[in-house]
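# Chain and residue survey
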Amino acid sequence: MPPIKPLTPSASPAPSSPQRGLYLRKQDLRRGIELLFFAYRDFTGEADEILSELGLGRAHHRVIYFVGRQPDMTVSELLGILKITKQSLSRVLSHLIDTGYIRQTPGVRDKRQRLLALTDKGVALEAKLTEVQCRRFAAAYSARGGDAVDGFVKVLTSLLDDDMRGELRRQYPDRID
């Protein structure tokens, strides 16, 4: 892949300048988009390697992560979180069930519901993947300090759709503004 051309610096003050609105210039917005893209690529890279060795991919990772965060979630709840089609989830979920990472059981009150939870094998994989990514976050947070972390969280929160931001506020009332 050819290298991305760096954005041309301008004569105006840097985006960290106290002058209001300079971070809204097109080149600064594009830099933010590129940084988010490359940060996500690198953030997922180590986990992708682990998953690849197991014949799994990023879609499998997302399912394992969220099922691990909320054991016995329904398929409908998972679809709501991932915002993917039933067909897409079915393919990934079937593979994770068949390979022993996720177990599926009928609902307690409604037998038509399918409840999802990680198996021991799934718990071990989720822990390994999350540890790799937590190390990267911990290093970045430590390098930049609390104010930068707070700013980062605020920017990410502002990128969310209103519904998702509201849901996260309910889950983390003191952490999402």
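Structure first, text after, so check above.
Residues numbered from 1 in each chain as written. Predicted model: local features only at pLDDT ≥ 70, side-chain atom pairs only at ≥ 80, totals over all residues. Heavy atoms only, no water.

### Let's talk about unusual backbone geometry
Inclusion rule: Secondary structure elements follow DSSP: runs of H or I no shorter than four residues count as helices, runs of E no shorter than two count as strands, and numbering proceeds from the N terminus.
Within the chain, Asp72 stands out as a residue other than glycine whose phi angle is a positive 65°. Mapped onto the secondary structure, Asp72 falls in the loop between α2 (58-69) and β1 (73-74).

### Brief notes about the sheet that holds β1
The criterion, for reference: Pairing between strands requires that DSSP locate at least two bridges from one strand to the other.
Pairing is antiparallel across the open sheet formed by 3 strands, whose spatial order is β1-β3-β2. The open sheet has two free edges, formed respectively by β1 and β2 (102-106), since each of these has just one partner strand. Inspection of the sheet shows β1 paired to strand β3 (residues 114-118) by 2 bridges, in the antiparallel sense. The residue bridging Thr74 from the neighbouring strand is Leu115, located in β3.

### Points about the packing of helix α3 (residues 75-82) against helix α4 (residues 86-98)
Note the following rule: Simply put, an axis is a line fit to the C-alpha atoms, just over the touching stretch for a helix, and the angle between two N-to-C directions goes from 0 to 180 degrees. When describing relative orientation, an angle under 35 degrees is termed roughly parallel and one over 145 degrees roughly antiparallel, while 65 to 115 degrees is termed roughly perpendicular and anything else oblique. We call a crossing left-handed when the near helix sits turned anticlockwise from the far one by less than a right angle, and right-handed when that turn is clockwise. The contact definition used throughout considers only heavy atoms, calling two residues in contact when any of these lie within 4.5 Å. Three classes are used: nonpolar for Ala, Val, Leu, Ile, Met, Phe, Trp, Tyr, Cys and Pro, charged for Asp, Glu, Lys and Arg, and polar for all others, with Gly counted as polar.
Interhelical geometry of α3 versus α4 gives an angle of 110° and a closest axis separation of 11 Å. In this view, α3 runs roughly perpendicular relative to α4, as classed from their interaxial angle. For the pair α3 and α4, the crossing hand works out as right-handed. For the pair α3 and α4, contact is made by Val75, Leu78, Leu79 and Leu82 and by Lys86, Leu89 and Leu93, respectively. Here the contact of α3 with α4 is built from residues that sort into 6 nonpolar, no polar and 1 charged.

The values reported here are purely geometric and, on their own, carry no functional implication.
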